[in-house]
Structure formats: structure tokens, C-alpha cells
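One letter stands for each residue in the lines below.
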Amino acid sequence: MIQLVKGTKDIFAGEVTAWQEIEKKMRNICQTFGIGEIRTPIIEFTELFVRGVGETTDIVQKEMYTFTDDGDRCLTLRPEGTAGVARAYIEHGMHNQAQPTKLYYISPTFRCENTQAGRQRQFHQFGVEVLGSYSAAQDAEVISVAAALLEEMGIKDVELRINSLGCPQCRSNYNKILRDFIGQNLGKLCPTCKERFEKNPLRVLDCKEESCQGIIANAPSVLECLNGECMEHFQKVQDILTEMGIAFTIDPKIVRGLDYYTRTVFEFVSDGLTVCGGGRYDNLIEECGGKPTGAVGFGLGIERLVMILEKQKGEITEVPQRDVFIGSMGEKGFLKAQGLTLDLRKAGILADCDTVERSVKAQMKYANKIGTKYSLVIGDSELENGTVELKEMETGEKTMISLSEASQILVQKCK
RNA sequence: GUGGGUAUGGCGCAGGUGGUUAGCGCGCCAGAUUGUGGCUCUGGAGGCCGUGGGUUCGAGUCCCACUAUCCACCCCA
């Protein structure tokens, strides 16, 4: 048998209704915040992610699905959503629209890494990106979208953690200070961190190796290295969040795994799991070939969200409801049932009928299983008399109705 | 990439120290005096016991490899 590819999943039955609910809430919230949807391709030139996400990131170094097509183009299945949106923003000259541009997406995303609960190779990411604004209020607004969404989902005990990585200038200052600091203990670092030390010392900060942890514990904080403007920006973000009534804590250890972040970075954490993470990325657009453009956004894995919701609320098993089941007996009744069912469906009634010519008993069992409100059985005598018994399944109560008016009566009862 | 657990009909599981036709629960299908569900009873379908090697007269059961899956690490969403 040909089975599922590692790290992929079929979503159906109760699970798919849970997804639909979640997606509906996402779309609704975005609509109220004035954020429009964008659908970008799954494949992009590899170069976009190498430049956008950052060469030193784990994503680019070992987790991308990259291939060459028959035109010798080097392509990659998107490993995150932001780079594609940045590309689209530049490509379509969106900076000519009313600024800032506010976009969201819900899309399959791919990373070739080891699987675990709530972590697939093909996963689905919801993201919000606001491009064309450098303002601190924009950071706060984006954070407020995420906060509103998590609240709407009913996720318990969510904690917002924020930090600032500063602008490239602050960052380079900090890198220098950090490098000096770590350099003294270079020998004790894990092999990965030695490499990180050369390319991007910031990433040493979130290494979980014990040997590295000990060194990092006393490392200077990024926040101490922010210049006046960046400090002011970060302070303003905090002031607005406070004004909005959004609680947060400052965590100088948050660096995020993607290189494009500048200034504000944030994470929403529940039960020790990061449900949602994002930040400002003022250099990404330029990096991808556009004009310098401020931008801020966040992303969220739907699989992880579903997992957390299941854990907190229990499994969601919703069976699609049916209004009426049209049973039948004999050839003529069977034919009549097919026609009546379609009439009802066209009238917006959730109707179903027997299509496999089973016994009436079996049909009733089926009607019960699919959870129908009403049922009726059309046979020779019904066709002769022009009447039929309408049965309410829950109570078992039966009413005699006219067959010719059955359609109208059901429409009334079920609307 | 590293370490550990698991792998038996659609789902959940049982199958002491290897031995003949591989079981159970749920589900599915069909019956229980003629055309009506939910409870109960009866019957039926459905598995080359993850894949490939090996040990043996004989392996679901032991050994090895591979694959998948779960957990932890790593990283992130």
C-alpha cells in the first residue's frame, strides 16, 4: 500500500470542522482589523528565502525542500510566509496603494525536519504582515491582532513576551559586545555555537546546551545596547500596549530564529509552547530588492493551535447535521425519493435519501446515524394516497402530511 | 541530526518461556413473523500480524536491517 509521506497528514471528519472554525475566526478578525487576504505561490525561487530568511538560519541550512525544475530554475517550497509576501509587495508596487499595506494568509508551508506531535513537514501557517510603516503603533496593532485572535480562540493562560533587537546599528554594536563576551569562553561552547559565534552570535543566546546556557546567563542584554531611537521606539510600543490593556513581559532572551527581524520581536506562550511569534523586519523588503520599507508581522502554526485547543477543550467531533431523510420502498417510491431530495436540496434543506435500495429498517438506521431531524418513507401506498408520515426522529412523533406539499412543509419546518 | 518506546482487520487492544484454523471490544453489513431508527440478541464480511533478511522442523512471538510513528533533545510555527 502507498502510504502518507512522512510529516504529512490527512485532515477530515471532526478535525476538519475544527479547522474550518479556526479559519473562520481568523478571517473574521482580519476583516475587522482591515487586513486583506493574499495568496502567494507555494514555490518561489530559492534565492528569496536564502536572502529573506537568512543564510545562517536552520531553516535555510537544513530544512528547505529545494529542487531544480526542467528549466534549471532552483526553486523551494515555502518554509515560511513572510518572504513571499515581501516579494509580492515589491513586485506589484503595493507601496503605491494607501499605506500601510495590511495582509494576511492561511497557507501550507513546508520544512523538512523531524516530526513530532503538532509539528508536520507540511504544516499550515496563518500570518499577518503590515508593510509600509515604521511606527511603534504598528507593532502594537499587529500584536493586538494576535492577542485578539488568541482570545477569540479561547486559548488559556497566554503570555505575551516582547523584546527589541534594535536596528542594524544597535545590532552590530551588540554583536561586538556579545562576541567579546562570548569570545572569552569560546572553548566551552558547543560546536554549533562556535559556528554561530562566527556568523551570527545572537543565535548563541537561545542555545539550550547546558554548557552554553551557563555562559549566556551572564551575557550583556540587547536592551542595554539600543541607541536612543530604538529605545524610544521600544518604549512607545510598550506604552501603546499598556494603553490597549494588553499585558506583556519583557524577555531579552527572545531573538527569534529568523534573521530578518529588527527592533520589536514578540512571542505568545501558552503551556510553555510558543503559539505565535513575530516581529518587525525593516530590512527585508530592501534585502529582496525593494525600496527601504518598514514592516511588521507575525505567524502562527495552525496544527499547533489545534493541538493546544484539543488539549485545553477536548476533541471536537462534530457530525454534519441533516434536516431530513427521505426513505423509500419499491421502485416508484425510490424514484420519487431521488427527485424530492434534489428539490429540497435546491430549496436549501439538508436532505438525504437512500441510494442503495436497502430495507426500510436499514434506511432508518442510516437516518439515525447521520443525525437527521425528520424522516419519511415513500412507498406504493403513499404514492396512491398522496399522503406520507413525517417522523420527528428525536421524539418519534409522526404527522400525516400531503405528499405534494411535503416539500413546502419541510422548507417551513427546517428554516 | 542524536537518544528511547511502539508497529496485529477501519479504530482501540489481547496474544507468558516460538508449535497446528490469530482473538476481543467498538465500528461496518445483514437478520430477529410481512414497510420504520436509537436498546438487546444472532449471523456475516474484513488481517499474508509495518517491510526485508536471518535462526529453527516450525515465528505475530527470537535476532538484524530498513521504514513509519510517538516521546525527549535540537529548532521553530
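Counting restarts for each chain, with residues numbered from 1 along the sequence as it is written. By the order in which they are written, chains take letters starting at A while ligands take numbers starting at 1. The predicted nature of this model means local features are confined to residues of pLDDT at least 70 and side-chain atom pairs, given and counted, to a pLDDT of 80 or more, with totals for whole chains, interfaces and linings taken over all residues. Water and hydrogen atoms were dropped before computing side-chain values, which therefore reflect all heavy atoms in the structure.

As annotated in an unreviewed UniProt entry, chain A is Histidine--tRNA ligase from Anaerotignum neopropionicum. As its UniProt record puts it under Sequence similarities (unreviewed entry), chain A is described as follows: "Belongs to the class-II aminoacyl-tRNA synthetase family." UniProt positions are given in the numbering used here, feature names are shortened, and annotations may be inferred rather than shown by experiment. Comment text from UniProt for chain A, heading Subunit (unreviewed entry), reads "Homodimer."

1. A few points about helix H2 (residues 46–53)
Here H2 has its buried residues at Thr46, Leu48, Phe49, Gly52 and Val53. In a view along the axis of H2, the buried residues occupy a sector of 160°, so they form one face of it. Gly54 sits one or two positions beyond H2 and adopts a positive phi of about 115°. Burial classification: accessible surface area is computed with a 1.4 Å probe over protein chains only, and a residue below 20% of its type maximum counts as buried, one above 50% as exposed, and the rest as partly exposed. Helix numbering and strand numbering both begin at the N terminus, where a helix is a DSSP run of H or I of at least 4 residues and a strand a DSSP run of E of at least 2. Of all possible arcs, the one meant is that of the directions from the helix axis to the C-beta atoms.

2. Overview of the packing of aromatic side chains
Pairs were defined over the aromatic rings of Phe, Tyr and Trp, the Trp ring being its six-membered one, requiring ring centres within 6.5 Å. Orientation was assigned from the angle between planes: stacked under 30 degrees, edge-to-face over 60, tilted for the rest. Going through the model one piece at a time under the given rule, you end up with seven aromatic pairs. Relative to Phe126, the ring of Tyr104 lies with its centre 6.1 Å away and its plane at 45°, an arrangement referred to as tilted. Within this pair, whereas Tyr104 is found in strand S5 (residues 101–110), its partner Phe126 is found in strand S6 (residues 122–131), the two being separated by 22 residues in sequence. Side by side, Tyr104 and Phe126 carry an identical accessibility label, which is buried. Members of the aromatic cluster, joined through ring pairs, are Tyr104, Phe126, Phe266, Phe268 and Phe298.

3. Section: the domain arrangement of chain A
Quoted interface sizes are often the accessible area lost when the parts come together. Domain extents, as shown, originate in an automatic or database domain assignment. With domains assigned, chain A is organised as domain 1 (13–167 + 227–313) and domain 2 (322–414). Just the C-alpha atoms count here: the centres of domain 1 and domain 2 sit 50 Å apart.

4. Here we look at the sheet that holds S5
Pairing between strands requires that DSSP locate at least two bridges from one strand to the other. Taken in spatial order, the eight strands make up an open sheet running S1-S5-S6-S11-S10-S9-S7-S8, and their pairing is mixed. Each edge of the open sheet is held by one strand with a lone partner, namely strand S1 (36–37) and strand S8 (249–250). Note: strand S7 (residues 158–164) against strand S9 (residues 262–270), seven bridges, orientation antiparallel. Bridge pairing links Asn163 to Val265 in S9. Against the sheet, helix H4 (residues 82–91) makes contact with S5 and S6, and its axis sits at roughly 45° relative to S6, the strand it touches most. Pairs of residues are marked as contacts when any of their non-hydrogen atoms sit within 4.5 Å. Interaxial angle, 0 to 180 degrees, is taken between N-to-C directions of lines fitted to C-alpha atoms, where a helix line uses only the stretch in contact.

5. Here we look at the UniProt feature "binding site: L-histidine" (unreviewed entry) in chain A
Under the present numbering, the feature "binding site: L-histidine" (unreviewed entry) in UniProt falls on Glu80, Gly81, Thr82, Arg111, Gln125, Glu129, Arg256, Tyr260 and Tyr261. Within the secondary structure, Gly81 is located in the loop between strand S4 (74–77) and H4. Relative accessible area serves as the criterion here: at 6%, Gly81 is assigned to the buried category. The residues contacting Gly81, other than those within four sequence positions of it, are Tyr105, Gln125 and Glu129. Along the chain, Tyr261 turns up in the loop between S8 and S9. Beyond its immediate chain neighbours, meaning those up to four positions away, Tyr261 contacts Leu165, Arg171, Arg256, Gly277, Gly278, Gly279, Arg280 and Tyr281.

6. Regarding the pairing of strand S16 (residues 398–402)
Summarising the sheet, strand S15 (residues 387–392) and S16 pair through five bridges and their orientation is antiparallel. Bridging from a neighbouring strand, Thr387 pairs with Ser402 of S16.

7. Topic: the sheet that holds strand S3 (residues 65–68)
Across the sheet, which stays open at both edges, the three strands sit in the order S2-S4-S3 with antiparallel pairing between neighbours. Looking at which strands have only one partner, the edges of the open sheet turn out to be strand S2 (43–45) and S3. Strand-to-strand twist of the sheet, defined as the mean angle between neighbouring strand axes without regard to direction, takes the value 35°. Where S2 and S4 come together, three bridges link them in antiparallel fashion. Bridging across to S4, Phe45 finds its partner in Leu75. Each of S2, S3 and S4 touches H2; the most contacted strand, S2, lies at about 75° to it.

8. Here we look at the nonpolar core
Formed by 45 residues in total, the largest nonpolar core has its most connected members in Met26, Phe126, Val128, Phe268, Phe298, Leu300 and Leu305. Excluding residues that lie within four positions of it along the chain, Leu300 makes contacts with Met26, His124, Gln125, Phe126, Leu149, Leu150, Val275, Cys276 and Leu305. We call a set of buried Ala, Val, Leu, Ile, Met, Phe, Trp, Tyr and Cys residues a nonpolar core when their side-chain atoms join them within 4.5 Å. Among the nonpolar cores identified, the runner-up in size contains 41 residues, and Leu131, Phe181, Ile182 and Cys225 belong to it.

9. Examining a positive patch on the surface
Excluding any residue in a salt bridge, patches collect residues exceeding 30% relative accessible area, merging like charges within 9 Å and nonpolar Val, Leu, Ile, Met, Phe, Trp and Tyr side chains within 5 Å. The accessible surface values rely on the Shrake-Rupley method and a 1.4 Å probe; as for residues, cover is taken only from the protein chains in view. Note on definitions: salt bridges are taken to be side-chain nitrogens of Lys or Arg within 4 Å of carboxyl oxygens of Asp or Glu. Just so you know, the count uses Lys and Arg for positive and Asp and Glu for negative, and it drops His and the chain ends. By convention, charge coordinates are those of NZ in Lys, CZ in Arg, CG in Asp, or CD in Glu. Taken together, the side chains of Arg358, Lys361, Lys365 and Lys369 define a basic patch exposed on the protein surface. Within the element layout of this structure, Lys361 appears in helix H13 (residues 360–369). Since its relative accessible area comes to 65%, Lys361 is described here as exposed.

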